[in-house]
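Tertiary structure, described
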Amino acid sequence: MAISPDQPEHRTPSAPGVHPRPGWSVTPASDREAGDAVVSNFLFHWFPARALKDSLTWRYSLWLGTITTALLALLVASGMPLLFLHVPSVERAYGSVKDIENVVTFGAWIRSIHRLSAHLMVAMVFLHLARVFLTGAYKNGVGRGQHREWNWVIGVVMFLLTLFLSFTGYLLPWDQLAYWAVTVGTNIASAVPLVGAQVRELMLGGRAIDQPTLTRFETLHVIVLPAVLGVLFAYHMWRIRKDGGLASADRAALLPAKAPVPGEAGRTKTYTLLGLARGQGPLIRSASLERPDTTVNAVPDLTRRISIVMLGTVAVLSILAVFVRSPLEEPANALVTPNPAKAPWYFLWLQEIVTDTTIRIGSFTVNGAFVGGVLLPGLLVALMVAWPWLDRSPAAAAGRWFPRSRRTQNIVFLVLVAVVVLLTLIGTFVRGPYWRMYWPWQGWPEMPTRF
Amino acid sequence: MSDGTDRREFLKRIGIGVGVAAVCGQAAASLRSLVPNVSYDAPTTVKLGPPAEFPDGMKFLPEQRLFVFREGRIFHAISAVCTHLGCTVRAEALSHQEVRTVGASEVKLTHRFLCPCHGSRYEGDGTNVAGPAPKPLAWYELSVAPDDGQLVVDLAKPVDHGFRLTIA
């Protein structure tokens, strides 16, 4: 849709600031109409008028953030009917979920969409984080006033919120899986030194998992955490604009212009269309960015791709949910711990770590719950948060896959990811009753349900 | 405080300070309201039934998550709560029994305990021998209720491994 600026408009406005026609077009006939769409449509107003072609390629961002957004929207949409149908009471929660599963029309499908979206969202948020790390997209490039490192920190917080949302949603069916996952999870919280017992009591609303716990988790799951996530999401988007778009834009700005831009040399602007508001950023206004053939109108080129990704995600989930049913175990029973009692897959690597990290030095013992459940994950999160300030690679490494100057840190990151994936696989496929190792093709011994 | 800007600045700061203090106070009050003052948890002192109803050997009480052991007139009780992350351990009968001196007296080890969550293993007296469990299973005080002679456990009172209750 690159139209040269001197091409005549279809209709000229009657006065400055007055738009030729109300509303906006998904198929704008001119640059002006394309710009009008961004200005006059509420949903489009967070896009720049023009977007870099480099930012829109499939292979740079893989559109993982957009997929995550689509999943979040699906979770909110499928969560609404579930909120009407689920009864957050210890006596009736299990029955209401069973009803959703077996009695309510389309109930099983809606619950399946909710559950699959939640699982996929954890995966997609993590993949998005990995993409941002591997492309060094948390690095500031050449524009002034960029603070990409803070958007990375926001992203890490949103990743943790996603995990916590999953964890709180886990308890709501009040089945065995729920009860014991929360037992283990909150006992990990109580391994925090000094305040651990109080933290656990605050989470549970008492000393045992009971009605106050269900009420608290429900409130966190449907009100508190989504609200915080929503605010951070808006800020995450706003920061992308403030930082001059995706990091690949900075890279494009550094490339030499393929040909001189006619008539552009004398133009002055106090901002660029890519959204860098603070400072003039002389470098980002390089000729390569101003060339008409490096950018396209956000409407429809950006919006079309976003539609494809979002509708595609919704379609995949809708179809998947028809075939994948959501499990519901026996009702929560405080008297019997299931054997084996496994955490959800994205926490299995933590379950492996808390199993393996009880340290004994002479008669002095450190509980694995502290080492593996608090210390190691805490260090990993702290490292992730601090990484943009530890990364000393040049600005030119921002917005590129596997640049040479960031090779070592990318390898370290991938090794850590591989370890986590390996521990997850061990937890999923190799652990059997009493958390012993069994190969997937080995049968599990018959275990009595009670001792 | 000689000229007006100083006073203005001072009042402005007081205003902002009071506003911040008010918001923090309300936030603290809201958070404090979530810390329970009354516990509706099950009581920690529980009557378990007449001693005569306990079989020789071991009996598991799921409600109390407790193993009660009896050798004739001698009783002791071991917690079923894993010391790692609080799952309920399961008892597995041993094929050959072993007698060991625990505390001051001998105890017959008839079972061992296994945790389904993370694979901790305990011997029959609660000693942790494998897996991530950081310490032995707790022993709890047993007594006889003065009114009806039932066996009573105090789940808030861990005792050392030499504890035995002998019923006359």
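Residues numbered from 1 in each chain as written. Chains lettered and ligands numbered in written order. Predicted model: local features only at pLDDT ≥ 70, side-chain atom pairs only at ≥ 80, totals over all residues.

Describing the overall build of chain B
Keep this limit in mind: Helix and strand assignments follow DSSP, with helices taken as H or I runs no shorter than four residues and strands as E runs no shorter than two, numbered in order from the N terminus. What the globule rule says is 2.2 Å times the number of residues to the power 0.38, and the radius of gyration is computed from C-alpha atoms. Working definition of burial: number of other C-beta atoms within 10 Å of the residue's own, with buried at 20 or more, exposed at 12 or fewer, and partly exposed in between, all C-beta atoms being placed from the backbone. Note on contacts: residues are paired as contacts if their backbone-placed C-beta atoms lie within 7 Å.
From N to C terminus, chain B includes 1 helix and 11 strands. Listing each helix as α and each strand as β along chain B from the N terminus yields α-β-β-β-β-β-β-β-β-β-β-β. Whereas a compact globule of 168 residues would reach a radius of gyration of roughly 15 Å, chain B reaches 27 Å, over 25% beyond that. Referenced to the eigenvectors of the C-alpha coordinate spread, the extents of chain B come out at roughly 90 × 40 × 25 Å. Taken across its 168 residues, chain B has 30% of its residues classed as buried. When contacts within chain B are restricted to residue pairs at least 6 apart in sequence, those whose partners lie at least 24 apart make up 45%.

Structural notes on the interface of chain B and chain A
Heads up, the condition is: The nonpolar class holds Ala, Val, Leu, Ile, Met, Phe, Trp, Tyr, Cys and Pro. Asp, Glu, Lys and Arg form the charged class, and all remaining residues, Gly among them, are polar.
The interface is formed by 24 residues belonging to chain B together with 31 residues belonging to chain A. Considered class by class, the residues forming the side of chain B that touches chain A number 14 nonpolar, 6 polar and 4 charged.

Comments concerning the domain arrangement of chain B
This is how it is decided: Source of the domain bounds: an automatic or database domain assignment.
When cut into domains, chain B gives domain 1 (1-35) and domain 2 (45-166). Taking only C-alpha atoms into account, the centre of domain 1 of chain B sits 56 Å from that of domain 2 of chain B.

Details of the pairing of strand β6 (residues 105-114) of chain B
Two faces, one strand: in a regular strand the side chains alternate between the faces of the sheet. All names here are of chain B. Put simply, the rule is: Between any two strands, at least two bridges found by DSSP are needed for them to pair.
In this sheet, β6 lies alongside strand β5 (residues 90-102) in antiparallel orientation, the contact comprising 9 bridges. Within the sheet, the bridge partner assigned to Val99 lies in β6 and is Lys108. The pairing of β6 with strand β7 (residues 121-122) spans 2 bridges and is antiparallel. Paired with Leu114 across the bridge in β7 is Arg121. In this structure, the hairpin formed by β6 and β7 is closed by a connection of 6 residues, where Gly119 is found at a positive phi of approximately 75°.

Brief notes about the nonpolar core
Applicable threshold: Only buried residues count toward a nonpolar core: Ala, Val, Leu, Ile, Met, Phe, Trp, Tyr and Cys, linked into one set through C-beta atoms within 7 Å.
Among the nonpolar cores identified, the biggest contains 108 residues, and Leu71, Met121 and Ala178 of chain A together with Ala77 of chain B are the most heavily contacted of them. Ranked by residue count, the leading element in this core is helix α6 (residues 107-134) of chain A, at 12 residues. For Leu71 of chain A, the residues in contact, after removing those within four places along its chain, are Ser117, Leu120, Met121, Met124 and Thr313 of chain A.

Some points on the environment of Val38 of chain B
Along the chain, Val38 of chain B turns up in the loop between α1 (4-32) and β1 (45-49). Distance from Val38 of chain B to Ala93 of chain B, taken between C-alpha atoms, is 40 Å for residues 55 residues apart in sequence.

A word on helix α8 (residues 176-189) of chain A
Quick reminder of the rule: Residue count minus one, scaled by 1.5 Å, sets the expected span of a helix.
Here α8 of chain A spans 20 Å end to end across 14 residues, near enough to the 20 Å set by a 1.5 Å rise per residue. By the criterion of burial, α8 of chain A is predominantly enclosed, with 14 of the 14 residues buried.

A short note on the confidence of the model for chain B
Residue and element names in this part refer to chain B. Put simply, the test is: For every residue, the pLDDT score states the predictor's confidence, bounded by 0 at the bottom and 100 at the top.
Counting all residues, the mean pLDDT for chain B is 87, and 96% of those residues have values of 70 or more. Here β5 stands out as the least confident element of chain B, with mean pLDDT 81; α1 is the most confident, with 92. Reported for the predicted complex are a pTM of 0.85 and an ipTM of 0.76.

Digging into the environment of Thr186 of chain A
All names here are of chain A. Structurally, Thr186 can be placed in helix α8. Judged by the 22 C-beta atoms lying within 10 Å of it, Thr186 is buried. As a C-alpha pair, Thr186 and Met203 span 17 residues in sequence and 7.4 Å in three-dimensional space. Beyond its immediate chain neighbours, meaning those up to four positions away, Thr186 contacts Arg200, Met203 and Leu204.

Some thoughts on unusual backbone geometry
Residue and element names in this part refer to chain A. A cis geometry characterises the amide bond from Val299 onward to Pro300, with omega recorded as 15°. Considering the arrangement of structural elements, one finds Pro300 in helix α13 (residues 298-323). We note that Leu62 has phi near 60°; this positive angle belongs to a residue other than glycine. Within the secondary structure, Leu62 is located in the loop between α3 (58-61) and α4 (64-85). The backbone of Phe106 shows a phi angle near 65°, a positive value even though the residue is not glycine. Considering the arrangement of structural elements, one finds Phe106 in the loop between α5 (93-102) and α6. By the C-beta count within 10 Å, which is 12 here, Phe106 ends up exposed.

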